[in-house]
Every structure is written in structure tokens, then in C-alpha cells.
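Analysis of the macromolecular model
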Amino acid sequence: MAFNLPDLPYSFDALEPHIDAMTMEIHHDRHHAAYTNNLNAAIAGTGLEGQSIEEIMKGLDMNNMAVRNNGGGFYNHCLFWEVMSPAGGGQPGGALGEAINSAFGDFNTFKDTFSKAGATRFGSGWAWLCVHSGGKVDVCSSPNQDNPLMPGVGCGGTPILGLDVWEHAYYLKYQNKRPDYISAFWNVINWDEVAARYDQGK
Ligand code: MN3
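Note that this is a predicted model, so its numbers are computed, not measured.

Our focus in this paragraph is the coordination of the manganese ion. In this structure, His27 (NE2), His77 (NE2), Asp164 (OD) and His168 (NE2) serve as the protein donors to the manganese ion, at separations of 1.9 to 2.2 Å. Of note, the manganese ion draws all its donor residues from one chain, in the sequence arrangement H-x49-H-x86-D-x3-H. The two residues aspartate 164 and histidine 168 agree in class, both being buried.

Following this line, the structure appears as C-alpha cells:
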């Protein structure tokens, strides 16, 4: 069974003005498509075929660069599209809101910590909010297409919010101003989706 590129859950221009339509189209139709195709090629005929993407990530041989880069790219972008929405923004309530307050003191401290994780990631990578069994959350970042499901990467746990800080995610609109892109991201976060992932992962 091959992996399929998922459709975006909204139109290319749905996240305007925070993330522009051309960036979304290229990011999904070319970058994510390439990771998907290259992942399928990398696992074809191997024992990884038939495993879920989560199983592949958790059991990954970190020396298998084709699966590490393209499997990571496939998984990370699937999560990324889902945790954004044109109706996004605001703050989470409920159990996730309480877990964030418990870990960081308040939402704004969490926001600063997550933003800094993305802003200070040198080169290409991701910022993550992860949940651990028991419900504790923490923030980390990872290089390239690595993610915290992979052995020894970042804070471990299950990613429930991810921010792509590769230049391909923002350069057309923001050029070198990665912090402006990160600020804009807070307007499109789909907290209902992140909360659902929190409840499932805790
Ligand atoms: Mn990307």
C-alpha cells in the first residue's frame, strides 16, 4: 500500500493574508507531493511497506536517510495542514489549555517559547508542541524533516502542533523575515484539531 498525498482541508487562498495562496499551492502540490512520491519509492519492496506512517517514524533507522527525510516530510506536512484553519487563532481551552498553563505558566509564555523554538532553528526544520503519556506538554524543535516520533529527536512524545520553518513555507511573502511568518501563524492555528490530538495522545 502506497501513501497518498492528502487534499488540503481548505482552499489554497483560505489562510490569506497570513499565508499566501501561491506558497500554499507550491508547498502542497510540489513539496509535499515530492516527499510522498519519494517515500513510496523508498519503502517499495521493503519491510516498511504496509506499516502506518507513525509506525515507520517510531521504528526508524536514523541512517535510512531516504525514509528519514521523505517519511518525515510526508508525516510532518500531513499534520501541518490539519492544525491550520481559516477559522483558526485564539487560545485553547479545556484540558489542553490547562496543560499549557501547567507547563509554561500562561498562554503567552508558551507562545513565546514556541515562537522562539521556530525562530532560532538554524537553517531548515520545525517547531513542535508535544504531548507525553499522562498529559504533560513541552516544546522543542528539530532539523530538516525530523520529528519527535523518530528515535532520539527533540522532546519525544507525540507532536500535536507543528510549524514548518523551512524557507519554502514563507519566503514568497515574508522573504528573510521568519519571525513575521511565525507571528502570523498564530492567527491560523486550529486549536480544536490540536486539542483533539492532545486528547488522543495523552
Ligand atoms: Mn514544508
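Of all seven residues making up strand E1 (residues 125-131), seven are buried, and the element is well covered by its neighbours. Alternating positions in E1 separate into two faces, Gly125, Ala127, Leu129 and Val131 on one and Trp126, Trp128 and Cys130 on the other, with burial throughout. As defined by bridge partners, E1 adjoins strand E2 (residues 137-143) across seven bridges and the pair is classed as antiparallel. By the bridge assignment, glycine 125 is partnered in E2 with proline 143. Hairpin connection from E1 to E2: five residues lie between these consecutive antiparallel strands, with glycine 134 at a positive phi of about 105 degrees. Where E1 and strand E3 (residues 158-164) come together, six bridges link them in antiparallel fashion. Paired with valine 131 across the two strands is threonine 158, which belongs to E3.

This part takes up the nonpolar core. Ranked by size, the top nonpolar core spans 60 residues in total, and within it Met84, Phe110, Phe114, Leu129, Leu161 and Trp191 carry the most contacts. Ignoring any residue separated from it by four or fewer positions in sequence, one finds phenylalanine 110 in contact with Ile100, Phe104, Leu129, Val139, Leu161, Trp186 and Trp191.

The next subject is the state of the cysteines. The final tally for this structure, using the stated rule, is one disulfide. Disulfide partner of cysteine 140: cysteine 155, at an S-S distance of 2.4 Å. The sign of the -55 degrees torsion about the S-S bond sets the cysteine 140-cysteine 155 disulfide as left-handed. Linking cysteine 140 in strand E2 with cysteine 155 in the loop between E2 and E3, this pair joins segments that are 15 residues apart in sequence. You can call cysteine 140 buried: its relative accessible area is 11%.

With that settled, the discussion passes to the sheet that holds E1. Ordered by their spatial adjacency, three strands build an open sheet running E2-E1-E3, and the pairing between neighbours is antiparallel. Here the strands that pair on one side only, and so sit at the sheet edges, are E2 and E3. Taking the axes of each pair of neighbouring strands and ignoring which way they run, one obtains an average angle of 25 degrees across the sheet. Seen against the sheet, helix H3 (residues 65-82) touches E1 and E3 and runs at an angle of roughly 85 degrees to E3.

With respect to the secondary-structure elements, serine 115 resides in helix H5 (residues 107-119). Assessed through its relative accessible area of 18%, serine 115 is described here as buried. Separated by 2.8 Å, the side chain of serine 115 and the backbone oxygen of lysine 111 make a polar contact.

Quick notes on the rules
- Per-chain numbering applies: the sequence of each chain, read as written, is numbered from 1 onward.
- A pLDDT threshold of at least 70 governs which residues receive local features in this predicted model, and a stricter bar of 80 or more applies before side-chain atom pairs are shown or counted, although totals over entire chains, interfaces and linings include all residues.
- Side-chain descriptors were evaluated using all non-hydrogen atoms of the structure, hydrogens and water having been removed beforehand.
- Coordinating donors are taken as N, O and S atoms within 2.8 Å of the metal, stretched to 3.2 Å for Na, K and Ca; because water is absent from the atoms, sites can appear incomplete.
- We call a residue buried when its accessible area falls under 20% of the maximum for its residue type, exposed when it is over 50%, and partly exposed in between, using a 1.4 Å probe and counting protein chains only.
- Secondary structure is summarised from DSSP: a helix means a run of H or I of at least four residues, a strand means a run of E of at least two, and numbering begins at the N terminus for each.
- Any two strands with at least two DSSP bridges between them are considered paired.
- Nonpolar core, defined: a set of buried Ala, Val, Leu, Ile, Met, Phe, Trp, Tyr and Cys residues in which side-chain atoms within 4.5 Å join the residues together.
- Contact between two residues is taken to exist if any of their heavy atoms lie within 4.5 Å; hydrogens are not considered.
- When two cysteine sulfur atoms are found within 2.5 Å, that pair is recorded as a disulfide.
- Only the contacting stretch of a helix is used when fitting its axis, a line to C-alpha atoms as for every element, and angles between N-to-C directions run 0 to 180 degrees.
- Distance and chemistry together define a polar contact, namely a pair of N or O atoms within 3.5 Å, with one atom able to donate a hydrogen and the other to accept it when in protein, and with adjacent residues in sequence counting only for side-chain atoms on both sides.

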